[in-house]
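# What the coordinates show
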Amino acid sequence: MINRRGLSLIEMVAAIGTMTILAGLSVTLISSLLRVERLERASLVQQNTLARLSREFRQDVRAAQSTEPSGADVGPVASIVLKRSAADSIEYQIKDDSIVRLRRHADKVVHTDIFKLPSGGTAHLAVSGNPGQAVVSLLIDRKAGKRGEGNSREFRVDARLG
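Let us now look at helix H1 (residues 9–63). Counting along an α-helix, one turn takes 3.6 residues, and residues three or four places apart therefore face a common direction. Here H1 is 55 residues long and its end C-alpha atoms lie 80 Å apart, about the 81 Å a rise of 1.5 Å per residue gives. Listing the buried residues of H1 in full gives Leu50, Leu53, Ser54, Glu56, Phe57, Asp60 and Val61.

This is the structure in structure tokens:
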């Protein structure tokens, strides 16, 4: 009887082949999981940004005493100034891919917030109603799918002035 201490060449090739197949499957699975995690993280960041924007927008509109443009200027506008007092105001500006919030005191910018729009999304500001009971609206049209193609979903924030 011969005592063998090692593995034959065929056993080594079979073991290496099996490990290669398992490693290839593992890399594919890990790559897919990382892609899904990255997409979920981007979606969560977008939802948090929109939630913070809507909260601050409602607070600003409710605290404002008047707007420029006023309720008489009905329709979408690119920017709106919410006047809290003679010296304090907050301006919302619609840019290509973001919404900019400028807080001013005595015509000097005190604080700036930039809210990034969803990919392929567009935004509109509108003032409606009577000057005494104006409603200020922020509409964000979000495109579903990659790079903005597909169905659109509207995100709307309405707040009554004062």
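In this section: the packing of aromatic side chains. As enumerated under the stated definition, the model contains one aromatic pair in all. Centre to centre, the rings of phenylalanine 57 and tyrosine 92 are 5.2 Å apart; their planes meet at 75°, and the pair counts as edge-to-face. Placement of phenylalanine 57 in helix H1 and of tyrosine 92 in strand S4 (residues 88–94) is noted, with a sequence separation of 35 residues between them. The residues phenylalanine 57 and tyrosine 92 share a single accessibility class, namely buried.

A word on the nonpolar core. With 24 residues, the main nonpolar core has Phe57, Tyr92, Ile99, Leu138 and Ile140 as its most contacted residues. Elements with a minimum of two residues in this core: H1, strand S3 (79–83), S4, strand S7 (122–128), strand S8 (135–143) and strand S9 (152–160). When residues in this core are grouped by element, the largest group, four residues, is from H1. The contacts of isoleucine 99, once residues within four sequence positions are left out, are Leu53, Tyr92, Gln93, Ile94, Asp113, Ile114, Phe115, Leu117, Ala123, Leu138 and Ile140.

Calculation rules
Residues numbered from 1 in each chain as written. Predicted model: local features only at pLDDT ≥ 70, side-chain atom pairs only at ≥ 80, totals over all residues. Heavy atoms only, no water. Helix = DSSP H or I, 4+ residues; strand = E, 2+ residues; numbered from the N terminus. Expected span 1.5 Å × (residues − 1). Buried < 20%, exposed > 50% of the residue type's maximum accessible area, 1.4 Å probe, protein only. Phe/Tyr/Trp six-rings, centres within 6.5 Å; stacked < 30°, edge-to-face > 60°. Core = buried A, V, L, I, M, F, W, Y, C linked by side-chain atoms within 4.5 Å. Contact = heavy atoms within 4.5 Å.

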